[in-house]
Structure formats: structure tokens, C-alpha cells
Amino acid sequence: MTPKIRVNPPRPVSNPARGGALSWRMRAHSCALIWLASVLLLVTPWAIAYELPGLNLGYTSFLDGLPPAGPRWLIQQYVQVYRNGRLKGPNGEDLRLPVMRGDSVELEKAQLDLTVILTQLMFQYYRPERPSVLGGKWGLGLTLPLTSLQLDPGDHEIITCNGSLLSDIVISPFVQIDPIKGANGLKVFQRIEFQLVLPTGDYDPGESVNPGANVFSFHPFWAGTAFLPSKWTISWRLLYLWNAENSEPKIILDADDSQAGQAIYLNFAGAYELLPSRLRVGINGYALKQITDNRVDGGDIASGRERIFGLGPGLVYHGSKQDHFFFNSYWEMGAENRTEGTRVTLRYVHLFN
């Protein structure tokens, strides 16, 4: 059953000439203030949490540490669909949004749907006569994201979504470390990348949910893939996130500045080679933990740290040495101060000769 906060107009006193009309107005005004205070109490915890910008949750999975097979260009196209993302509070409880229904305010469960399209262009440079960088080959990536957001219920005016599409551009210098070879065919491939997230996306402080974060973020990671003596591979990507201060925070915060906390998270996957050089199937997942508090006007905000865990099946199909197709699905659980839903990622990789 949907809980309600009912706002009934107070009855006027029987004799308006003795101040009844004025009393009615005062009581109606008091009811409006009580309703507004109730709404703010419900919405404020949501507003001071949910501050982390866009993250790589489930975009990368199998064979993540592999290089692009020599000095060459590659392009990657991602499509991620996220559905039924229920808004969760600091203890994992469902958050509800106030919606006017006639003469009453109903509290309805809220959820976020989004679709993200990422286009990434990468180049790895290497010449044998040149010295290596950190024991490997350097490269550079550029990511152009588009994001479509939809919040349900949408017929309220407290928490709103920006209808624009352009998200923040990412520039990614990286070093592909030379592979480590062990006994019995063990091979380990690793890459260190230093992602620079630029505040180029669409952002409106009047909107609660935006495709752009309006801040610079430093987002380095360490990725790797281990080829085990059997037909199994294990892949990982360990990421760290630091965010600069937002000098134009969301209006709902009623603040001069805000800063999202730092976070660490992990993408992981294990795959079995079902068809040699053609098909790998396995499981994939991610785990996120925010490690410092969000800040508003220089002060730490308690109970706003985010946490989530996702797990599901996936596969990678090698159409050729140049073309690779990935499918990954995730069911989320254990969310705190962020949405909890289902996620599907489709990814196509093409290596240019």
C-alpha cells in the first residue's frame, strides 16, 4: 500500500466577522508549511547523497588487460541499458518521492532508467628502438559518451532529470605493461591507465539528475587478465575516483559549493573458453564503495556514502582477429545511497590493421 500525506483544507470558523476568514488563511498557510517541511525532510537525504559522477560499472569485463595486439588503432562501441534502478537510502531502504494526487500527497517508490552510448577511440604506440615506458608501451584513449535519463514518477517538481544527452568527455593516457609469462602456459597482461574526466557534459544546477557532473575527476585504474593453464581466464579492473569541487552545485542543496567523496571499485570477470579462439562464457561483476564523505560548503555530510554490488552472466565472441563482441548482464544488490536495478552492456571492439 502506498503511504500518503493527506493535506485537507481546515474548516473555517463559524463566524467570519470575528476573524474566521483570517484564521482560515493562517491555518491553510500553516498546513502548506507543514507539507513543505515534510517534503524537504524526505528529499534532503537524497539530495546530499547520490553525488558520485558516472562510473565504469560493468562496461569492461572479460580480457580487460589485453593489449590491442601491437601498435595500432582500435574503436570500441558500448551500449548500456539500466532499468528499474530503485532509489535507495543509507540503510538500503527504498526512497519515495512526494507526488500530488488530488488533494493529497502520495509517497511513491522512485526508480531511474538510463541508456548510455559510449564511443571510445584508442591508439597504442610502440617502436622497438625506442625505450619502453614503465616497462611497457604507451597509448592514448578518447571516450565520447551520450546518456538518456528518465525518472519515475516523473510528475513531481522536487527531483527532476536533465533531458540533454552529452556526458563528460574522458581522455585516457595509458601504459600497456609487457606480459608476464609463468610456468605451464600462465600469462598475465596488465595495463595502467590515468583517466581524466573533463566537465564538458550537459549540466543544469536546477536539475537533480544530469548527464554531466560539472567537475573534473581523476579516475586511474589497474587492469589485468591472467590466462590460467586451463581454459580459464580471470580479469579485473581496480579503479580509484577523486572529484574536484563543484562551484555550481544543485540548487536543491542551497549551497555555494559541493564535492563528491572519493571511491574505489572493482570490475571482475572469469571466463571459460568454450570454443577455441571463438567463444568464452563466464560470470562478471562489480563492487563499489565510497571511502570519504561528500562535502557541502566545506563540511562533511554523514550517511551519504555510496555502495553497490552487481553480478551476472556474460560472454565474448571473437568474430575474427579484428572483431570482438561482448555481452554482460548484472543484477544489483546491497545498494546504499544509490540506485539498485538491472544492467545490460553490449560492446563491440574493432582493431584496425
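Residues numbered from 1 in each chain as written. Predicted model: local features only at pLDDT ≥ 70, side-chain atom pairs only at ≥ 80, totals over all residues. Heavy atoms only, no water.

Draft legend 1. Highlighting the overall build of the protein. Along its length, the protein carries one helix and 18 strands. Pairs at least 24 residues apart make up 68% of the contacts formed inside the protein by residues separated by at least 6 positions. Accessible area of the protein: about 17500 Å², with a carbon and sulfur share of 61%. (Helix = DSSP H or I, 4+ residues; strand = E, 2+ residues; numbered from the N terminus. Contact = heavy atoms within 4.5 Å. Areas by Shrake-Rupley, 256 points an atom, 1.4 Å probe, with all protein chains shown as cover.)

Draft legend 2. A look at the sheet that holds strand β10 (residues 232-243). Spatially, twelve strands are ordered β2-β5-β6-β7-β8-β9-β10-β12-β13-β16-β17-β18 in a closed barrel, and the strand pairing comes out antiparallel. Between one strand and the next, the sheet's axes are offset by a mean angle of 20°, whatever the strand orientation. By the bridge criterion, eleven bridges tie strand β8 (residues 187-197) to strand β9 (residues 217-227) in an arrangement that is antiparallel. Paired with Val197 across the bridge in β9 is Ser217. (Pairing = 2+ DSSP bridges. Axes fitted to C-alpha atoms, helices over the stretch in contact; angles between N-to-C directions.)

Draft legend 3. Broad picture of the confidence of the model for the protein. The share of residues in the protein with pLDDT of 70 or more is 81%, and the mean pLDDT across the chain is 85. A low-confidence stretch, residues 1-19 (pLDDT under 50), is modelled with 34 contacts involving residues beyond four sequence positions or located in other chains. Note that pLDDT drops below 50 for residues 27-42; the model gives that stretch 15 contacts with residues more than four away or on any other chain. (pLDDT = per-residue confidence, 0-100.)

Draft legend 4. Fine view of unusual backbone geometry. Phi is positive for Asn214, which is not a glycine, with a value near 65°. The residue Asn214 is located in the loop between β8 and β9 in this model. Judged by its relative accessible area of 25%, Asn214 is partly exposed. We note that Asp254 has phi near 55°; this positive angle belongs to a residue other than glycine. Among the structural elements, Asp254 can be located in the loop between β10 and β11 (258-259). Of the residues examined, Asp254 reaches a relative accessible area of 69% and is grouped as exposed. (Buried < 20%, exposed > 50% of the residue type's maximum accessible area, 1.4 Å probe, protein only.)

Draft legend 5. Seen up close, the nonpolar core. In this structure, Leu87, Leu114 and Leu151 are the most contacted members of the largest nonpolar core, which totals 16 residues. Of all elements in the fold, only β2 (73-87), β5 (111-124) and β6 (136-152) reach the threshold of two or more residues within this core. It is β5 that provides the largest number of residues to this core, a total of four residues. In terms of nonpolar packing, the next biggest core, distinct from the first, is built from 15 residues, Ala260, Ala263, Tyr286 and Tyr330 among them. (Core = buried A, V, L, I, M, F, W, Y, C linked by side-chain atoms within 4.5 Å.)

Draft legend 6. Spotlight on the pattern of salt bridges. According to the stated counting rule, one finds 15 salt bridges in the structure shown. Across the salt bridge formed by Lys250 and Glu51, the nearest N and O atoms sit 2.9 Å from each other. In this pair, Lys250 is assigned in the loop between β10 and β11 and Glu51 in the loop between α1 (20-48) and β2, connecting sequence segments 199 residues apart. Accessibility assignment for this pair places Lys250 and Glu51 in one class, buried. Close ionic contact of Asp300 with Arg295 constitutes a salt bridge, the shortest N to O distance being 2.6 Å. With a relative accessible area of 30%, Arg295 lands in the partly exposed category. Each of Arg86, Lys88, Asp94, Lys109 and Glu340 takes part in salt bridges that share partners, so that together they form one network. (Salt bridge = Lys/Arg side-chain N within 4 Å of Asp/Glu carboxyl O.)

Draft legend 7. Looking closely at a nonpolar patch on the surface. A surface patch of nonpolar side chains, about 520 Å² in accessible area, is lined by Val81, Leu315, Tyr317, Phe325, Phe327, Val344 and Leu346. By the secondary structure assignment, Leu315 is in strand β16 (residues 307-318). For Leu315, a relative accessible area of 30% translates into the label partly exposed. (Patch = residues over 30% accessible without salt bridge, like charges linked within 9 Å, V, L, I, M, F, W, Y side chains within 5 Å.)

Draft legend 8. Representation of the pairing of β5 within the structure. Sheet analysis places β2 next to β5, joined by twelve bridges and oriented antiparallel. In the sheet register, Tyr78 faces β5, and the bridge partner there is Leu118. Here β5 pairs with β6 via 14 bridges, running antiparallel. Bridging from a neighbouring strand, Leu118 pairs with Pro145 of β6.

Draft legend 9. View of the side chain of Lys88. Along the chain, Lys88 turns up in the loop between β2 and β3 (96-101). Judged by relative accessible area, which is 8%, Lys88 ranks as buried.

Draft legend 10. Structural view of the pairing of β9. For β9, the tally of buried residues reaches eight of eleven residues, placing the bulk of the element in the interior. Relative to β10, β9 runs antiparallel, the two sharing nine bridges. Looking at the pairing, Ala226 lines up with Ile234 of β10. Hairpin remark: β9 followed by β10, antiparallel, with four residues in the connecting loop.

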